[in-house]
Amino acid sequence: MTSSRSFTFTEDWVVVILGIATIFLALSGVVAPVPSFSWSNSAELVATVFEPTNLMKLFEQFIFVFVTAILGAFLLGKSIKYLFVVFPVVFILTVFALVLAGNATVKEYNLEAVIFSLVIGLVISNCFKLPNWFKEALSTELYVKIGLILLGTTVIFGDILKAGSLGLVQALAVVLSVWYFAFWICKKLKIDKEMALMLSSAVSICGVSAAIATSGAIKGDSKKLSYVISLVLITAIPMMIFMPYMAEWMGLSQEVTGAWLGGSIDTTGAVVASGSLVGEEALKISTIVKFSQNVLLGLAAFAISIYWTYAKSVDDETKRDKPTLKIIWERFPKFVLGFVFASLLFSFVISPEKIDAVKGSLKNLQGLWFTLAFTSIGLETNFKDLFVQDNKKPLYAFLIAQTFNVIITLLIALVLFR
C-alpha cells in the first residue's frame, strides 16, 4: 500500500539520504547509544544486559532506528500504519538474537547475531502463518543498504598504510586469485551469476560483509544471500579451530601462520580468535591481513556494481547493442556512492579524534541494521526456499573455492612472510 503523495524517491536514494544523515548527525553530536549485550552467566545477564541504564540505552537506540525506518517508508511513499506494529516486533526479535550472540560461550564459536536473527525469523515464519500486511511492512533491502553505507565509515584507507605493504600485497593477491577461481568454479558448475558473485566475494574478501555488499550491489535474492552467509559462518568454525594446529604441525612461524589465518578465514572474529590461539605476533599479522582485505571491500563492491549494471543493461535492455550511459546510470546501485562517500569522508576529511568519538556508535548501528535485515529475511522465508535441492552446487563450489583459498593463501604467506 502506498501513500497518495505525488512524488517518491527510489530505494537507493532513500538509503543514501538516511545513511549519510545518520553519519552527519553523529558527527554533529547526535550519537546513538551503544547498549551492551555481553554476558557469561544468568547473574551477569541480569546485572549488565537487563540493567536499567543499559535498557534505557537500548530504548533510545530503538527510537533512533524506528524514526529512521519511518522516514524511509515516508520517502518511499509507503504506508507507515503497519510499521508501528511490525518494526517493534522485528526489533524485539533482533534484540533476542543479539543477547544470544552476546553470550561468552557463543562468542567462542564465532556464531554471529545475524545467524541467530535469521533462524529466529525462519522458525516463526515456518511455525505460524504471518499475514500479508505484516510481510509487506518488512523492509529488508532498506535495512541492509543503510547498514552498508555505515560500513563505509569503517573502511579507512589511511589505516591500510599503517598495516604495512606486505599485508596489502597479500590481500590483493589473495582477493584477486581466489575471487576469479571461485567465479570460474561457479561458471563450470552452471551456478547463476547472482549466486556466483555473492559466493566469490564471500570466499575471497571478508565473508559476511562482502556477501551483503555484493548482494546489495547486484540487488541479489535475499534467500541466496542467507544461504551464502550460512556457509561462511559454518565453515569458519572448523577453520578457526583446526588451522592453528595444522600450522603447528607444519612448523610454520607465527608470521606465516598469522598471514595464512588472516587471508583464508572469512570472518574477522574467527581470525582474531584463531590468531590468539597461536600467539601475539600471529594475532597481529592475521589482523593486519584481514583488515587489508576488508579495506578492499569498497573497491570490490564498486567494480561489481559496474560489471553487473553493464551486464544487466545488455541482457535486459539493449540485448546485443551497447548500453547507453543513461541506462547504466539508471541501473547503477546508488547506495554504493553513499558507501564510497562515507569511506572517503572518514579517510581524508574527518579528524582521527572525531572518528574515535563516533566510530563505536556507527559500527554498532551498522551491525544492528544488518541483524534487523536478517530477522526480516527469516520472517519472509520458508525453510524449503532456503534449503532446496539446487543448493548442492553452490555448496560444492564454496567448499572447492575455500580449499583453493587455504592453499593459495598459504603459498603466498610463505613467500611474503618467511
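Parameters and conventions
Residues numbered from 1 in each chain as written. Predicted model: local features only at pLDDT ≥ 70, side-chain atom pairs only at ≥ 80, totals over all residues. Heavy atoms only, no water. Helix = DSSP H or I, 4+ residues; strand = E, 2+ residues; numbered from the N terminus. Buried < 20%, exposed > 50% of the residue type's maximum accessible area, 1.4 Å probe, protein only. Contact = heavy atoms within 4.5 Å. Areas by Shrake-Rupley, 256 points an atom, 1.4 Å probe, with all protein chains shown as cover. Salt bridge = Lys/Arg side-chain N within 4 Å of Asp/Glu carboxyl O. Axes fitted to C-alpha atoms, helices over the stretch in contact; angles between N-to-C directions. Parallel < 35°, antiparallel > 145°, perpendicular 65-115°, else oblique. Left-handed = near helix turned anticlockwise from the far one by under 90°. Nonpolar A, V, L, I, M, F, W, Y, C, P; charged D, E, K, R; others polar. Phe/Tyr/Trp six-rings, centres within 6.5 Å; stacked < 30°, edge-to-face > 60°. pLDDT = per-residue confidence, 0-100. Core = buried A, V, L, I, M, F, W, Y, C linked by side-chain atoms within 4.5 Å. Patch = residues over 30% accessible without salt bridge, like charges linked within 9 Å, V, L, I, M, F, W, Y side chains within 5 Å. Lys, Arg positive; Asp, Glu negative; His and termini not counted. Charge placed at Lys NZ, Arg CZ, Asp CG, Glu CD.

> Would you mind going over the overall build of the protein with me for this structure?
Within the protein, the regular secondary structure consists of 21 helices and zero strands. A buried classification covers 54% of the 418 residues belonging to the protein. For the protein, restricting intrachain contacts to residue pairs at least 6 apart in sequence, the fraction spanning at least 24 positions comes to 80%. Counting only carbon and sulfur atoms, one obtains 68% of the accessible surface of the protein, whose full area is about 18,900 Å².

> Explain the pattern of salt bridges to me, please; I cannot follow it from the model alone.
In a structure, side chains of opposite charge can pair up when their charged atoms sit close to one another. Tallying each qualifying case throughout the model produces four salt bridges. Measuring nitrogen to oxygen at the nearest pair gives 3.6 Å for the salt bridge that ties Lys 145 to Glu 11. Remark: Glu 11 occurs in helix 1 (residues 11-27) and Lys 145 occurs in helix 8 (residues 140-151); sequence separation between them is 134 residues. With its nearest N and O atoms 3.9 Å apart, the salt bridge here joins Glu 194 to Lys 224. Note that Glu 194 is positioned in helix 11 (residues 193-206) and Lys 224 in helix 13 (residues 222-250), a separation of 30 residues in sequence. By relative accessible area, Glu 194 is classed as buried at 16%. Each of the salt bridges in this network shares a partner with another, and the network as a whole consists of Asp 192, Glu 194 and Lys 224.

> Any chance you could explain the packing of helix 6 (residues 113-127) against helix 13 here in plain terms?
Two quantities define a packed helix pair, namely the angle between the helix axes and the distance between the axes. In contact at an axis separation of 10 Å, helix 6 and helix 13 are set at 130° when each is read in the N-to-C sense. Here helix 6 is positioned oblique relative to helix 13, judged by the angle of their axes. Pair helix 6 / helix 13 crosses with left-handed handedness. Together, Val 114, Ile 115 and Leu 118 of helix 6 and Ser 226, Ile 229, Ser 230 and Leu 233 of helix 13 make up the contact between the two elements. Residue composition of the contact of helix 6 with helix 13, grouped by class: five nonpolar, two polar and no charged.

> Any chance you could explain the packing of aromatic side chains here in plain terms?
By convention here, two paired aromatic rings are described through the distance between centres and the angle between planes. Per the counting criterion, the structure on display carries 15 aromatic pairs. Measuring from ring centre to ring centre gives 5.3 Å for Trp 179 and Tyr 180, while their planes differ by 80°; the resulting arrangement is edge-to-face. Classification of Tyr 180 as exposed rests on a relative accessible area of 56%. Summarising the aromatic geometry, the rings of Phe 181 and Trp 184 are spaced 6.0 Å apart at their centres and angled 40° between planes, so their arrangement reads as tilted. With a gap of three residues between them, Phe 181 and Trp 184 both fall in helix 10 (residues 165-188), about one helical turn apart. Overall, the relative accessible area of 44% leaves Trp 184 in the partly exposed class. Each residue in the set Phe 59, Phe 62, Phe 66, Phe 84, Phe 87, Phe 91, Tyr 143 and Trp 369 is aromatic and connected to the rest through ring pairs, giving one cluster.

> How do you make sense of the confidence of the model for the protein when you look at a structure like this?
Detailed reading of predicted coordinates is not advised where the pLDDT is low. Of all residues in the protein, 87% have pLDDT values of 70 or greater, and the mean over the chain is 83. Low confidence marks residues 316-321, where pLDDT is under 50. Its contacts with residues over four positions away, or in another chain, come to ten contacts.

> So what exactly am I meant to see when it comes to the nonpolar core here?
One broad trend across soluble globular proteins is that nonpolar side chains are buried collectively. Counting 118 residues, the largest nonpolar core has Ile 23, Phe 87, Phe 91, Tyr 143, Ile 212, Ile 229 and Phe 346 as its most contacted members. Looking at this core element by element, the count peaks at twelve residues for helix 19 (residues 352-379). Once you skip the residues sitting within four places of it in the chain, Phe 87 turns out to touch Phe 62, Val 65, Phe 66, Ala 69, Tyr 143, Trp 369 and Leu 372.

> What is the right way to look at the environment of Glu 60 in this model?
Along the chain, Glu 60 falls in helix 3 (residues 52-75). Classification of Glu 60 as partly exposed rests on a relative accessible area of 38%. A sequence separation of 28 residues divides Glu 60 from Ala 32, and the C-alpha atoms of the two residues are 7.3 Å apart.

> Is there a simple way to explain the packing of helix 13 against helix 14 (residues 254-264) in this structure?
It is the contact of helix 13 with helix 14, at a shortest axis distance of 10 Å, that shows an interaxial angle of 150°. The angle between helix 13 and helix 14 falls in the class roughly antiparallel. At the point where helix 13 passes helix 14, the crossing takes the right-handed sense. Taking contact as the criterion, the partners of Met 239, Met 243, Pro 244, Met 246, Ala 247 and Met 250 in helix 13 are, on helix 14, Thr 257, Trp 260, Leu 261 and Ser 264. By residue class, the composition of the contact of helix 13 with helix 14 is eight nonpolar, two polar and no charged.

> Explain unusual backbone geometry to me, please; I cannot follow it from the model alone.
Excluding glycine, a negative phi dihedral is what most residues carry, and trans is how most peptide bonds are arranged. Positive phi outside glycine occurs at Lys 190, with the angle close to 60°. Its place among the elements puts Lys 190 in the loop between helix 10 and helix 11. You can call Lys 190 exposed: its relative accessible area is 71%.

> Would you mind showing me how to read a positive patch on the surface here?
Where like charges cluster on the molecular surface, the positive patch consists of Lys 187, Lys 188, Lys 190, Lys 193 and Lys 393. Residue placement: Lys 187 occurs in helix 10.

> Looking at this structure, I do not really get helix 14. What am I missing?
Along an α-helix, a turn takes 3.6 residues, which lines up residues three or four apart on a common side. Most of helix 14 sits inside the fold, with nine of its eleven residues counted as buried. Here helix 14 has its buried residues at Val 256, Thr 257, Gly 258, Ala 259, Trp 260, Leu 261, Gly 262, Gly 263 and Ser 264.

> How should I be thinking about the side chain of Ser 215 in this particular structure?
Take Ser 215: it is sitting in helix 12 (residues 208-218). The residues touching Ser 215, leaving out its near neighbours within four places in the chain, are Met 198, Gly 220 and Leu 225.

> In this structure, what is going on with a nonpolar patch on the surface? I would like to understand it.
On the surface, Phe 9, Trp 13, Ile 17, Phe 302, Ile 306, Trp 329 and Leu 337 cluster together into a nonpolar patch covering about 610 Å² of accessible area. Looking at the nonpolar patch, the elements with two or more residues in it are helix 1 and helix 16 (280-318). Phe 302 gets classed as partly exposed once you look at its relative accessible area, which sits at 35%.

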